[in-house]
Amino acid sequence: LAQGLKQKLTQVASLKPAIAAMGDEDQPKKRTFRKYSFRGIDLDKLLDLSNQDLMELFRARQRRKFSRGIKRKPIALLKKLRKAKRETAYGEKPEPVKTHLRNMVIVPEMIGSIVGVYNGKQYIGVEVKPEMIGHYLGEFAITYKPIRHGRAGMNDKTTAFVPLK
């Protein structure tokens, strides 16, 4: 009898949160955001890492690029991005910074910035997000217009020339 009573009490105790939640239906549920981490390191810690420590987290191709030295143009782009971020009011997006550096590796410092990446014809606005760390800027600005197969073409009856009379 005592065993059965104990089981009933644990069942009732487990139902209490569910019953309490039923009464709170009129209140919207709070959204929780998953904290981003790159290779197991949180975003705020990534920002504090030195270039050497950050380099060790990247893949081989990006590590090789960093080990050969950071050139003048990528440093200039980072300076412009810092300046654009500094000059924006809180809660607003920074001014886009135009660049031809498609081979620039995205580093944590660039997160939140908007970069105009040249695709050979125009500048494509790319907003840098945490998921982009370690990728190249050029990966987010497509250089060609994807073709669409199976659509009506020039020899189709639907696009036939209609004379004006």
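Residues numbered from 1 in each chain as written. Predicted model: local features only at pLDDT ≥ 70, side-chain atom pairs only at ≥ 80, totals over all residues. Heavy atoms only, no water.

## Notes on the overall build of the protein
So, step 1. Summing up its helical and strand segments, the protein has five helices and five strands in all.
So, step 2. Along the protein, helices and strands appear, N-terminal first, in the series α-β-β-α-α-α-α-β-β-β.
So, step 3. Across the 165 residues in the protein, those meeting the buried criterion constitute 25%.
So, step 4. Relative to all contacts within the protein whose residues are 6 or more apart in sequence, the contacts with residues 24 or more apart total 48%. (Helix = DSSP H or I, 4+ residues; strand = E, 2+ residues; numbered from the N terminus. Buried < 20%, exposed > 50% of the residue type's maximum accessible area, 1.4 Å probe, protein only. Contact = heavy atoms within 4.5 Å.)

## Examining the layout of surface pockets
So, step 1. In this model, the largest pocket occupies a volume close to 500 Å³.
So, step 2. For the largest pocket, the lining is made up of 27 residues, of which Phe66, Ile70, Pro74, Met104 and Val107 are closest to its centre.
So, step 3. For the lining of the largest pocket, the secondary-structure elements that each account for two or more residues are helix 2 (43-48), helix 3 (51-57), helix 4 (60-67) and helix 5 (72-86).
So, step 4. Residues of the lining of the largest pocket, tallied by class, amount to 15 nonpolar, four polar and eight charged. (1 Å grid on protein atoms, 1.4 Å probe; cavity = no way out; pocket = protein on both sides within 12 Å on 5 of 7 lines; lining within 4 Å. Points joined across faces, edges and corners; volume = space filled by probe spheres on them. Nonpolar A, V, L, I, M, F, W, Y, C, P; charged D, E, K, R; others polar.)

## Structural notes on the nonpolar core
So, step 1. Grouped together as the largest cluster of nonpolar side chains are 29 residues, with contacts concentrated most on Phe58, Met110 and Leu137.
So, step 2. Looking at this core, the elements that each hand over two or more residues are helix 3, helix 5 and strand 4 (114-118).
So, step 3. At four residues, helix 5 tops the list of elements feeding residues into this core.
So, step 4. In this view, Leu137 contacts Leu77, Thr99, Leu101, Arg102, Met104, Ile106, Met110, Val115 and Val117; residues no more than four positions away in its chain are not counted. (Core = buried A, V, L, I, M, F, W, Y, C linked by side-chain atoms within 4.5 Å.)

## Observations concerning the side chain of Gln62
So, step 1. Of note, Gln62 is situated in helix 4.
So, step 2. Take Gln62: its relative accessible area is 7%, and that puts it in the buried class.
So, step 3. Setting aside its immediate chain neighbours within four residues, Gln62 contacts Val105, Gly134, His135 and Tyr136.

## Re a positive patch on the surface
So, step 1. On the surface, Arg61, Arg64, Arg68 and Lys71 cluster together into a positively charged patch.
So, step 2. Under the relative-accessibility criterion, Arg68 is labelled exposed at 57%. (Patch = residues over 30% accessible without salt bridge, like charges linked within 9 Å, V, L, I, M, F, W, Y side chains within 5 Å. Areas by Shrake-Rupley, 256 points an atom, 1.4 Å probe, with all protein chains shown as cover. Salt bridge = Lys/Arg side-chain N within 4 Å of Asp/Glu carboxyl O. Lys, Arg positive; Asp, Glu negative; His and termini not counted. Charge placed at Lys NZ, Arg CZ, Asp CG, Glu CD.)

## Overview of the sheet that holds strand 3 (residues 97-99)
So, step 1. One open sheet accounts for three strands, arranged 3-4-5; its pairing is mixed. Each of the sheet's edge strands pairs with one partner strand only, and the pair in question is strand 3 and strand 5 (123-127). Sheet twist, expressed as the average angle between the axes of neighbouring strands with direction ignored, equals 30 degrees.
So, step 2. Two strands pair when backbone bridges link them, and strand 4 and strand 5 are joined in this way by five bridges, in the antiparallel orientation. Bridge assignment links Ile114 to a residue of strand 5, and that residue is Glu127.
So, step 3. Sitting on the sheet, helix 5 touches strand 3 and strand 4, and the angle it makes with strand 3 is about 165 degrees. (Pairing = 2+ DSSP bridges. Axes fitted to C-alpha atoms, helices over the stretch in contact; angles between N-to-C directions.)

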